[in-house]
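Read off the chains here:
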Amino acid sequence: MWRSRWNDRNWERRVSEIETSLLSIDRLGDAAAIIAAGGIVAFPTETVYGLGADATNAAAILRIFEAKGRPSDNPLIVHVADVEGVFRVAKEVSPIAQKLIHAFWPGPLTIVMPKGEWVSEVLCAGLPSVAVRMPKHSVAIELIRRAGVPLVAPSANRSGRPSGTTWEAVQDDLSGRIDGIVCGEPTELGLESTVIDITQSPPCVLRHGAISLTALQAVCPDVVSLEDLKGVEQVRLRKSPGTRHRHYQPHARVMVAGLKTEVMGNTLSEGWASNPSSRAWIGLSSPNPVSDWRIIQVCENVDEYARVLFSFFREMDRLGIEAIVCESVPEVGIGRALMDRILRASVDE
Ligand code: TXA
Ligand code: MG
């Protein structure tokens, strides 16, 4: 039923008749119509804003790569509105997949599975697998339902930049390159979903997110993390897209304080050389002395730190800050995902 509908290309072509810039959430019908007509529209999810297109429309998918400046070898996530959706996207839904779905959907877990036959090469960047997620966000779910098709949705940012966690950030990065933005609240989690690849054994976490390794292991005890694999296996999986592309970087130089080795990526002393009026600090505690900093953001807990990190990066760029120092946190729970994003942002390339 779905399949034949997806293949029906005689949907109304109304993109040009619809105002395409900023859409309030009561205009989801318009957003869905733009997508059904082959357009691309950003929308909120519980993790970050996504840039949505009809997952069955290869031309629309290509526009997403173009708008983001995304390398064509980095595949997209397909978003479904209900658990049944995954059976139409994946070739098979293994018992492990079913357990994970049951435990964590809707929510910030993306599962890489063998791809169904209709899923285009462009979407999967030529891989035999497809990444699928059911978001836990009423606006996202309603948009997918109204569009009547699953949506591809990478994070709504220019490639390599911090993910957009507010509609304003999406507008800054993508205005004029996309057809619309559904303007919801700032996102609740602030970091992208956990990505787990179950096409190989043992299942492997490719990207850390709010669903922690410990939580995954409680459901599937043999799940490992990419960094914990050794030798050939890791080399093979490191070839997996997304683990090799530049990510999360603001224009300012990012440094990390408080690691055992004191610093990783850039050194704090180099950052220190910058003028206090162009330095910013973010962490769970306050730096000492405070007079050394133009901006100090002290978060109440790790959840808040994760939620605000990307918008902090963007705000600092707007203020012309040259050096951002991020205080490290213990790598437990969402702390692991947070440290992953901070460390990647701190690597010069
Ligand atoms: O939270 C999220 O996941 C957000 C929201 C919008 O849902 N989306 C998101 O999409 O972060 P994106 O495209 O920025 O990240 C998708 C990640 C990339 O690291 C990509 O390489 C990986 O998923 N991925 C997608 N398909 C894959 C596949 N078949 N095999 C391995 N990795 C895959
Ligand atoms: Mg992204």
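To keep things clear, this report deals only with the structure shown in the data block. If you're wondering where the values come from, they're calculated on a predicted model, not measured in any experiment.

1. As for unusual backbone geometry
Right, on to step 1. Residue Pro 106 is reached from Trp 105 by a cis peptide bond, and omega for that bond is -5°.
Right, on to step 2. Along the polypeptide, Pro 106 turns up in the loop between helix H5 (95-104) and strand E5 (109-114).
Right, on to step 3. One non-glycine residue with positive phi stands out, namely Ala 125, at about 50°.
Right, on to step 4. Tracing the chain through its elements places Ala 125 in the loop between helix H6 (121-124) and strand E6 (129-133).

2. Structural notes on the sheet that holds strand E1 (residues 22-24)
Right, on to step 1. An order of E1-E8-E2-E3-E7-E4-E6-E5-E9-E10-E11 is seen for the 11 strands of this open sheet, with the pairing classed as mixed. Edge positions in the sheet fall to E1 and strand E11 (224-225), since each of these pairs with one other strand and no more.
Right, on to step 2. Alignment of strand E2 (residues 41-43) against strand E8 (residues 180-183), held across two bridges, turns out to be parallel. Bridge pairing links Ala 42 to Ile 181 in E8.

3. Section: a nonpolar patch on the surface
Right, on to step 1. Taken together, the side chains of Val 290, Ile 296 and Val 298 define a hydrophobic patch exposed on the protein surface, amounting to about 220 Å² of accessible area.
Right, on to step 2. With respect to the helices, strands and loops of the structure, Val 298 is situated in strand E14 (residues 295-298).

4. Some thoughts on the packing of aromatic side chains
Right, on to step 1. Scanning the entire structure with this criterion turns up three aromatic pairs.
Right, on to step 2. Aromatic side chains Tyr 248 and Phe 310 sit 5.6 Å apart centroid to centroid with 10° between the ring planes, which places their arrangement in the stacked category. Within this pair, whereas Tyr 248 is found in the loop between helix H10 (231-238) and strand E12 (253-257), its partner Phe 310 is found in helix H12 (residues 302-319), the two being separated by 62 residues in sequence.
Right, on to step 3. For Tyr 248, a relative accessible area of 2% gives the class buried.
Right, on to step 4. Look at Trp 281 and Trp 293: their rings are 5.5 Å apart centre to centre, the planes differ by 70°, and that puts the pair in the edge-to-face class. On the criterion of sequence distance, the pair formed by Trp 281 in strand E13 (residues 279-283) and Trp 293 in the loop between E13 and E14 is long-range, its members being 12 residues apart. Each member of the pair, Trp 281 as well as Trp 293, is classed as buried.
Right, on to step 5. Cluster of aromatic residues (ring-pair linked, three or more members): Tyr 248, Phe 310 and Phe 313.

5. So, helix H7 (residues 138-147)
Right, on to step 1. When we look at burial in H7, the residues that qualify are Val 139, Ala 140, Ile 141, Leu 143, Ile 144 and Ala 147.
Right, on to step 2. Buried residues along H7 sit against helix H2 (28-36), E2, strand E4 (77-79), strand E7 (151-152) and E8.
Right, on to step 3. Two residues or fewer after H7 comes Gly 148, characterised by a positive phi angle close to 75°.

6. As for the site of ligand 1
Right, on to step 1. In the vicinity of ligand 1 there are 26 residues, among which Thr 47, Arg 70, Asn 74, His 79 and Ser 193 approach most closely.
Right, on to step 2. Residue Thr 47 places a side-chain N or O atom 2.7 Å away from an oxygen atom belonging to ligand 1.
Right, on to step 3. Arg 70 places a polar side-chain atom, nitrogen or oxygen, 2.9 Å from an oxygen atom of ligand 1.
Right, on to step 4. When ligand 1 sits alone it has 680 Å² of accessible area, and the protein chains cover 97% of it.
Right, on to step 5. Contributions of two or more residues to the shell around ligand 1 are made by E4, E6 and strand E10 (204-207).
Right, on to step 6. For the shell around ligand 1, the residue count by class is 13 nonpolar, nine polar and four charged.

7. Considering the sheet that holds E13
Right, on to step 1. Spatially, E12-E15-E13-E14 is the arrangement adopted by the four strands of the open sheet, whose pairing is parallel. In this open sheet, the two strands that pair with only one neighbour each are E12 and E14. This sheet shows a mean twist of 15° between the axes of neighbouring strands, independent of strand direction.
Right, on to step 2. Across four bridges, E13 lies against E14 in parallel orientation. Each residue of the ladder has a partner; that of Gly 283, found in E14, is Val 298.
Right, on to step 3. Along the sheet, H12 makes contact with E12, E13, E14 and strand E15 (323-327), crossing E13 at roughly 175°.
Right, on to step 4. Contacting E12 and E15, helix H13 (residues 334-345) runs over the sheet at an angle of about 130° to E12.

Calculation rules
- Residues numbered from 1 in each chain as written.
- Chains lettered and ligands numbered in written order.
- Predicted model: local features only at pLDDT ≥ 70, side-chain atom pairs only at ≥ 80, totals over all residues.
- Heavy atoms only, no water.
- Helix = DSSP H or I, 4+ residues; strand = E, 2+ residues; numbered from the N terminus.
- Pairing = 2+ DSSP bridges.
- Patch = residues over 30% accessible without salt bridge, like charges linked within 9 Å, V, L, I, M, F, W, Y side chains within 5 Å.
- Areas by Shrake-Rupley, 256 points an atom, 1.4 Å probe, with all protein chains shown as cover.
- Salt bridge = Lys/Arg side-chain N within 4 Å of Asp/Glu carboxyl O.
- Phe/Tyr/Trp six-rings, centres within 6.5 Å; stacked < 30°, edge-to-face > 60°.
- Buried < 20%, exposed > 50% of the residue type's maximum accessible area, 1.4 Å probe, protein only.
- Contact = heavy atoms within 4.5 Å.
- Near = heavy atom within 4 Å.
- Polar contact = N/O pair within 3.5 Å; in protein donor to acceptor, adjacent residues only side chain to side chain.
- Nonpolar A, V, L, I, M, F, W, Y, C, P; charged D, E, K, R; others polar.
- Axes fitted to C-alpha atoms, helices over the stretch in contact; angles between N-to-C directions.

Take it as geometry only, folks, not as evidence of what the structure does.
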